[in-house]
Structures are given as C-alpha cells and as structure tokens.
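Breakdown of the fold
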Amino acid sequence: MKFDYLINKSLVLILWKLTDQGHDVKMFPGTLVRRSESYYLSRGEGETSPEILEDWLDLVAAVPPELKGLMKNCEYQLSLTAGDFLAMAEGLGEFGLD
C-alpha cells in the first residue's frame, strides 16, 4: 500500500483552530496504526484513537531533526486546520477543539 511506510511510526497530529483570541494549537503524539481498511492515531491506554483519513496521509511530513523535541519526539507530523477535519470526521472534538 502507498502509506505502509507510516504504519507503526510515531506521528504527531497538530490541530489548528482560529479563535477570537488568536490561534489555538494542540499537539497529539501517537503511533499510526491500521485496522482493517482505516488508519488511526493510537495514543495509548485510555486515550482516544481518532481515525486519520487516508486523504490526509498525503499531508504527512517528516519532522526535521531540530524540531523533534518540540514535536514530542515523533518521526512524522500531520498538521490540519479545523476546516480540514470538522467537515470530514466525527469524534475529533474529543481533542478539545470543539
């Protein structure tokens, strides 16, 4: 598959939302896993595991070495704005960007 190289790799999901006070940015580290035909960000025991749509995987980029500490020591990053995901996925409000 096209995205097999990302499976079981560390990924930080960066969610951006414009608020009245400016930008609200949240980072959620985890591991990209595949279950059946879907991708999920596995965040650990007791944490939500949101679906990562396959269309979004084209937006995944490697984390530059100098930013690894800032990006929760993840190998890859996926940055989305509220408009990218609110119309396409349910459940991401659980991340605190409702």
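Residues numbered from 1 in each chain as written. Predicted model: local features only at pLDDT ≥ 70, side-chain atom pairs only at ≥ 80, totals over all residues. Heavy atoms only, no water.

**Notes on the side chain of Gln77**
For clarity, the threshold we go by: Helix and strand definitions here come from DSSP, where helices need a minimum of 4 consecutive H or I residues and strands a minimum of 2 consecutive E residues; each element is numbered from the N-terminal end. A 1.4 Å probe rolled over the protein chains alone gives each residue an accessible area, and that area as a share of the maximum for its type sets the label: buried under 20%, exposed over 50%, partly exposed in between. Contact definition: two residues touch when any of their heavy atoms are within 4.5 Å.
Within the secondary structure, Gln77 is located in strand S6 (residues 76–81). Accessibility expressed as a relative area gives 17% for Gln77, which makes it buried. Discounting residues that sit within four places of it in the chain, Gln77 has contacts with Leu11, Val12, Ile14, Leu59, Val60, Ala61, Ala62, Val63, Pro64 and Met71.

**Comments concerning the packing of aromatic side chains**
So the rule is basically this: Two aromatic rings, drawn from Phe, Tyr or Trp (for Trp, its six-membered ring), form a pair once their centres lie within 6.5 Å of each other, and the interplanar angle then sorts them: stacked below 30 degrees, edge-to-face above 60, tilted otherwise. Charges are assigned to positions over rings by a cutoff of 6 Å between ring centre and Lys NZ or Arg CZ, combined with an angular limit of 35 degrees from the ring normal.
Taken as a whole and assessed by the stated rule, the structure comprises one aromatic pair. Seen in terms of ring centroids, Tyr5 and Tyr76 are 6.1 Å apart; in terms of plane orientation they differ by 70°. Their pairing is edge-to-face. Within this pair, whereas Tyr5 is found in the segment before strand S1 (10–19), its partner Tyr76 is found in strand S6, the two being separated by 71 residues in sequence. By relative accessible area, Tyr76 is classed as buried at 18%. Note that Arg35 overlies the ring of Tyr40, its terminal NZ or CZ placed 4.6 Å from the centroid.

**A look at unusual backbone geometry**
If you check the backbone angles, Asn8 has positive phi at about 65° while not being a glycine. Of note in the backbone geometry, Asn73 takes a positive phi value of approximately 60° without being a glycine. Position of Asn73 among the secondary structure elements: in the loop between strand S5 (61–62) and S6. Look at Asn73 and you get exposed, because its relative accessible area is 58%.

**Some thoughts on the sheet that holds S6**
So the rule is basically this: Strand pairing is defined by DSSP finding a minimum of two bridges between the two strands.
One open sheet accounts for six strands, arranged S4-S3-S2-S1-S6-S5; its pairing is mixed. Two strands close off the open sheet at either side, each with one partner strand: strand S4 (51–52) and S5. As paired elements, S5 and S6 share two bridges and run antiparallel to each other. Each residue of the ladder has a partner; that of Ala62, found in S6, is Tyr76.

**Some details on the pairing of S6**
As judged from the six bridges shared by S1 and S6, these two strands associate in the parallel manner. In the strand pairing of S6, Leu13 is matched with Leu78.

**Let's talk about the pairing of strand S3 (residues 38–42)**
The two faces of the sheet receive side chains in turn, since in a regular strand these alternate between them. One ladder, built from five bridges, connects strand S2 (residues 22–35) with S3; its direction is antiparallel. Looking at the pairing, Thr31 lines up with Ser42 of S3. Turn length for the S2-S3 hairpin, with the two strands adjacent in sequence and antiparallel, is two residues, and the turn residue Ser36 shows positive phi of about 55°. As defined by bridge partners, S3 adjoins S4 across two bridges and the pair is classed as antiparallel. Counterpart to Tyr40 in the pairing with S4 is Glu51.

Taken by themselves, the reported measurements are silent on function.
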